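Examining the three-dimensional arrangement
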Amino acid sequence: MRSELFFQAANFIQEKINISPKIGFILGSGLGVFADEIVNPVKISYDEIPGFPVSTVEGHKGQLVIGALEGVPVVAMQGRFHFYEGYSLDKVTFPVRVMKLIGVEKLVVTNAAGGINTSFEPGDLMLITDHINNMGKNPLIGPNDDAFGVRFPDMSISYCKQMRDKARQVAHNMGLALKEGIYVANTGPSYETPAEIRMLRKIGGDAVGMSTVPEVIVARHAGMNVLGISCISNMAAGILDQPLSHDEVIETTEKAKERFLMFVKELTKVL
Ligand code: HPA
């Protein structure tokens, strides 16, 4: 993807705002309401922004929401792009580089995920300590864009230690039992088989989902600090004697939403 496209998108956004967002949020399934908490928001529909992927899903609210949250200038992606929808990883990660160009230094990524770790329960929030890219693809494949980062970026600390410490502290102060673990990204859209979940547990996975990792790789390439939070929306395949459904995922995130919103708002004050 050509660098100038990112700059065009960033310029377009900057002409519409008079703040420089410091924290960027990518909001996962059912967690988009978080953006409604932003005060004096400027909302920019994805389809207006040059180079931005266009949502193909009917009734899908795809917009950037820019404003203040707890007095901190932020930008939130209300609606993200998934690889399983047919977008290239260039498209999936395009907004991350645009966020970088408009001044975002810290990225908070959220998602709904299936619990692999049997000590988890649906509704738990999990701090992502590390990830396993099981998508069979990397968003940085192709010519390196030196404007953003190096050819071979280090991934030894992908999820910022200081930000994780702050998240633990905030959770503790709120009396919230924050779980921790490794997020595995699969492409989806089919859920995993029980055999696949046993394999993912053996290789160290605690939760599994269909997003986040491409965005985190591109953010780390560009030197952004990342915090990741999964909402455990269901137990992964084969753990319970019941089939998985997207309705269950939505229903559980709906229930966990209030806690999630409060937690991330409190976190914003200290990040
Ligand atoms: N597997 C993959 N992705 C998911 C799941 C799951 O069980 N739950 C929510 N996203």
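Residues numbered from 1 in each chain as written. Predicted model: local features only at pLDDT ≥ 70, side-chain atom pairs only at ≥ 80, totals over all residues. Heavy atoms only, no water.

Overview of the pairing of strand 6 (residues 125–133)
Test applied: A pair of strands is labelled paired if DSSP reports no fewer than 2 bridges between them. Secondary structure follows DSSP: runs of H or I at least 4 residues long count as helices, runs of E at least 2 residues long count as strands, and numbering of each begins at the N terminus.
As paired strands, strand 6 and strand 7 (residues 178–185) are joined by eight bridges and run parallel to one another. Each bridged residue has a counterpart across the sheet, and for Asn133 the counterpart in strand 7 is Ala185. In this structure, strand 6 lies alongside strand 9 (residues 225–235), joined through three bridges in antiparallel fashion. Bridge pairing in strand 9 links Met126 to Ser230.

Side note on the site of the ligand
Selection criterion: We call a residue near a given molecule or strand whenever any one of its heavy atoms falls within 4 Å of it. In protein, a polar contact means a hydrogen-donor-capable atom and an acceptor-capable atom, both N or O and within 3.5 Å, with residues adjacent in sequence counting only if both atoms are side-chain atoms; elsewhere, any N or O pair within 3.5 Å suffices. The Shrake-Rupley method, run with a 1.4 Å probe sphere, supplies the accessible areas, and residue values consider only the shown protein chains as cover. For this classification, Asp, Glu, Lys and Arg are treated as charged, while Ala, Val, Leu, Ile, Met, Phe, Trp, Tyr, Cys and Pro are nonpolar and the rest, including Gly, are polar.
Lining the immediate surroundings of the ligand are Ala112, Ala113, Gly114, Tyr191, Glu192, Val208, Gly209, Met210, Ser233, Asn234, Leu244 and Val249. In this structure, Asn234 approaches the ligand through a side-chain N or O atom, which is 2.7 Å from a nitrogen atom. Protein contact buries 95% of the 260 Å² of open area that the ligand shows by itself. If you tally residues by element for the shell around the ligand, the top one is strand 5 (residues 106–115), at three residues. Residues belonging to the shell around the ligand are distributed by class as follows: seven nonpolar, four polar and one charged.

Digging into the side chain of His82
Definition in use: Residues are treated as being in contact if the distance between any of their heavy atoms lies within 4.5 Å.
Its place among the elements puts His82 in the loop between strand 4 (72–78) and helix 2 (89–101). Excluding anything up to four places from it in sequence, His82 contacts Tyr87, Val92, Met210 and Ser211.

Section: the UniProt feature "binding site: phosphate" (unreviewed entry) in the protein chain
Condition: UniProt positions are given in the numbering used here, feature names are shortened, and annotations may be inferred rather than shown by experiment. Throughout, exposure labels follow a simple rule: accessible area from a 1.4 Å probe, protein chains only, divided by the maximum for the residue type, with under 20% read as buried, over 50% as exposed, and the rest as partly exposed.
When the UniProt feature table is mapped onto this chain numbering, "binding site: phosphate" (unreviewed entry) sits at Ser29, His60, Arg80, Phe81, His82, Ala112 and Ser211. Along the chain, the position of Phe81 falls in the loop between strand 4 and helix 2. Residue classification places Phe81 among the buried residues on the basis of a relative accessible area of 2%.

Remarks on the pattern of salt bridges
Our working rule: Salt bridges are defined by distance alone: a side-chain nitrogen of Lys or Arg within 4 Å of a carboxyl oxygen of Asp or Glu.
The tally for this structure, following the rule as stated, stands at seven salt bridges. Across the salt bridge formed by Asp165 and Arg168, the nearest N and O atoms sit 2.8 Å from each other. Taken together, the residues span about one helical turn, with Asp165 and Arg168 both in helix 3 (residues 161–174) at a distance of three residues. The exposure class assigned to Asp165 is partly exposed, which follows from its relative accessible area of 45%. On the basis of relative accessibility, which here comes to 31%, the residue Arg168 falls in the partly exposed class. As a salt-bridge pair, Lys269 and Glu266 come within 3.1 Å of each other at their nearest N and O atoms. Of the two residues, Lys269 and Glu266 are both situated in helix 6 (residues 246–270); the distance of three residues between them amounts to about one turn of the helix. According to the relative accessible area criterion, Glu266 is partly exposed, its value standing at 31%.

Some thoughts on the packing of helix 2 against helix 5 (residues 213–221)
Filter applied, for reference: All axes are obtained by fitting lines to C-alpha atoms, using only the stretch in contact for helices, and the reported angles, taken between N-to-C directions, cover 0 to 180 degrees. To sort the angles, those under 35 degrees are grouped as roughly parallel, those over 145 as roughly antiparallel, those from 65 to 115 as roughly perpendicular, and the leftovers as oblique. Throughout, a crossing is termed right-handed when the near helix is turned clockwise from the far one, and left-handed when it is turned anticlockwise from it by less than a right angle.
The contact between helix 2 and helix 5 brings their axes to 9 Å, and the two run at 50 degrees. Here helix 5 runs oblique to helix 2, going by the angle between their axes. Here helix 2 runs over helix 5; the crossing is right-handed. In this structure, helix 2 uses Leu89, Val92, Thr93, Val96 and Arg97 to contact helix 5, whose residues at the interface are Pro214, Glu215, Val218, Ala219 and His221.

Some remarks on helix 2
Selection rule: A helix is expected to reach a length of 1.5 Å times the quantity of its residues less one. The seven residues ending at a residue and the seven starting there each receive a fitted axis; the angle between those axes is the bend at that residue.
Between its terminal C-alpha atoms helix 2 stretches 19 Å, which fits the 18 Å expected from 13 residues at 1.5 Å a residue. The principal kink in helix 2, of about 30 degrees, is found at Pro95. Turning to helix 2, its buried residues number three or more, namely Leu89, Val92, Thr93, Phe94, Pro95, Val96, Arg97, Val98 and Met99. Of the surrounding secondary structure, the elements contacted by the buried residues of helix 2 are helix 1 (3–14), strand 1 (23–27), strand 4, strand 5 and helix 5. In the segment just after helix 2, Gly103 is the residue with positive phi, at about 115 degrees.

Thoughts on the pairing of strand 9
As a general feature of sheets, a regular strand has side chains that alternate between the two faces. The buried fraction of strand 9 is high, at ten of eleven residues. Alignment of strand 5 against strand 9, held across ten bridges, turns out to be parallel. Note on strand 9: the bridge partner recorded for Val108 is Leu227.

Focus on the UniProt feature "binding site: a purine D-ribonucleoside" (unreviewed entry) in the protein chain
Residues given the UniProt feature "binding site: a purine D-ribonucleoside" (unreviewed entry) here are Glu192 and Asn234. Across 43 residues of sequence, these annotated residues stay compact in space, with a maximum C-alpha separation of 12.4 Å. Its relative accessible area of 10% is what places Glu192 among the buried residues. Glu192 has contacts with Asn186, Ile197, Leu200, Val208 and Ala237, leaving out every residue within four places of it along the chain. A polar atom in the side chain of Glu192 sits 3.2 Å from the side chain of Asn186. Positionally, Asn234 belongs in strand 9. Ignoring anything within four residues of it in the chain, the contact list for Asn234 reads Ala113, Gly114, Gly115, Pro122, Leu244, Glu248 and Val249.

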